[in-house]
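Commentary on secondary and tertiary structure
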Amino acid sequence: MIDRGRQGWPDVAKGVCIILVVLWHVVTKHAIEVPGAGAVTSVWATLNAQLLPLRMPLFFVISGMFATRALTATDRADWRRRALRLAALYVVWVLIQTFALAPTPEFDTARATDAGELLAQLTFSPTNLWYLLALAVYLAVGRMARSVPTVVLLPVAFAVSAVGASGVLPDLGNLWQVVQNVFFFLAGVRLRAFAERLAVGSGALTVFMLGAAYAGLAAVVGVLGLRHWPAVWPLLSLVAVGFGITVCALLDRRAEAIARPLRWLGRRTLPIYVIHMIPLALLDAALRASGLRTTPVVEAVAPVVLTAVVIALCLAAHAALVRLRLGVLFDPLLAVGWVRARRSATAGPSPSR
């Protein structure tokens, strides 16, 4: 059941972010590989690259905001349960992807081909599902650092994120992304009230100014090749997150026709995130096998269409799996409850003396 007192704009933001995640993978893992892809696809690739400072940092800020109560509560069970659930989800879906993506070797994404690679992906070399592992780690960090003053914690986290964005870390899957985004999760936890005030006080002028600043800074960073310069990326992402919060808040207040489906989608991001690479890989294989070549018109509309199709397939697959009583795939801790209930039923009532 949806919390009627829940603010709408964070769900709008999550809806936007999950669309951008799928769109990014559609373009980078499929569209640019299509025979005949040309200038229009290059425009899509460039646009997606300019959205990198927005997509995951905003996602993590919202995730941090939603985790605030769990991390500050005196009861430690809530955050531990959340972290364990996320870690278990990561393991389950890495295993599922390992087998599901095996028939599509030409699809460009990480998949283990032996036990050593699988062990690495489950530990220090995260796959495309790295967001789940990152959240589990961030929850532990946020809980351990709960007594550290914000004025100390956030600068340290910013420095860590700056290192992750600098390109100096070894090439271990998406480990650098886990390091790069820790600041934004912790900022969501510690600066939740500030983000809410920014959302409430935002208007069209604020959105325009932050959007212009984001676009201008992104262009400068791209043209001058400043991506890996110290602190440049997290600073650019901060501006992008500010723009994302204000535009989503404005949509939530003034564009209900747009905000309603985004809110609905934003409350269903988990199944889309964990499933989407599988239907995308299968669609990519089918389109490769068809031998069809692209045209400028197809290049222009295909990423949007494929993104919508992949999201729809993910939601349909989730509904089907839940109907088949496989909802445990999306909450592995349900299995623990089932085992305990079965043990209790098997044990029966204690004998009377």
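Nothing here was measured: the structure is a model prediction, and the numbers come from that model.

**Considering the packing of aromatic side chains**
- Tallied over the entire structure, the rule returns 10 aromatic pairs.
- With 5.3 Å between their ring centres and 65 degrees between their planes, F60 and Y138 make a pair best called edge-to-face. Remark: Y138 occurs in helix α6 (residues 130-144) and F60 occurs in helix α3 (residues 52-72); sequence separation between them is 78 residues.
- Judged by centre distance (5.5 Å) and plane angle (40 degrees), the rings of Y138 and F185 are tilted. One end of the pair, Y138, is in helix α6; the other, F185, is in helix α9 (residues 182-190), with 47 residues separating them in the sequence.
- Judged by its relative accessible area of 1%, Y138 is buried.
- When its relative accessible area of 1% is taken as the criterion, F185 is described as buried.

**What to know about the packing of α3 against helix α12 (residues 232-254)**
- In contact at an axis separation of 8 Å, α3 and α12 are set at 70 degrees when each is read in the N-to-C sense. Taken together, the axes of α3 and α12 lie roughly perpendicular to each other. Contacts from L52, P53, L54, P57, L58 and V61 of α3 reach α12 at W233, L236, S237, A240, V241, G244 and I245.
- Residues of the contact of α3 with α12, tallied by class, amount to 11 nonpolar, two polar and no charged.

**Observations concerning the layout of surface pockets**
- Considering only enclosed or pocket space, the largest pocket measures out at about 950 Å³ in volume.
- Lining of the largest pocket is provided by 30 residues; of these, R6, K14, F66, R82 and R85 occupy positions nearest its centre.
- Elements that contribute at least two residues to the lining of the largest pocket include exactly α1 (9-29), α3, α4 (77-100), α6, α10 (192-201) and α14 (269-275).
- Tallying contributions element by element places α3 first for the lining of the largest pocket, with six residues.
- Residue composition of the lining of the largest pocket, by class: 15 nonpolar, five polar and 10 charged.
- Considered as a void within the structure, the second largest pocket measures approximately 620 Å³ in volume.
- Together, 26 residues line the second largest pocket, and W24, H25, W130, N174 and Q177 are the ones closest to its centre.
- Secondary-structure elements contributing two or more residues to the lining of the second largest pocket are α1, α3 and α8 (175-180).

Rules used throughout
Residues numbered from 1 in each chain as written. Predicted model: local features only at pLDDT ≥ 70, side-chain atom pairs only at ≥ 80, totals over all residues. Heavy atoms only, no water. Phe/Tyr/Trp six-rings, centres within 6.5 Å; stacked < 30°, edge-to-face > 60°. Helix = DSSP H or I, 4+ residues; strand = E, 2+ residues; numbered from the N terminus. Buried < 20%, exposed > 50% of the residue type's maximum accessible area, 1.4 Å probe, protein only. Axes fitted to C-alpha atoms, helices over the stretch in contact; angles between N-to-C directions. Parallel < 35°, antiparallel > 145°, perpendicular 65-115°, else oblique. Contact = heavy atoms within 4.5 Å. Nonpolar A, V, L, I, M, F, W, Y, C, P; charged D, E, K, R; others polar. 1 Å grid on protein atoms, 1.4 Å probe; cavity = no way out; pocket = protein on both sides within 12 Å on 5 of 7 lines; lining within 4 Å. Points joined across faces, edges and corners; volume = space filled by probe spheres on them.

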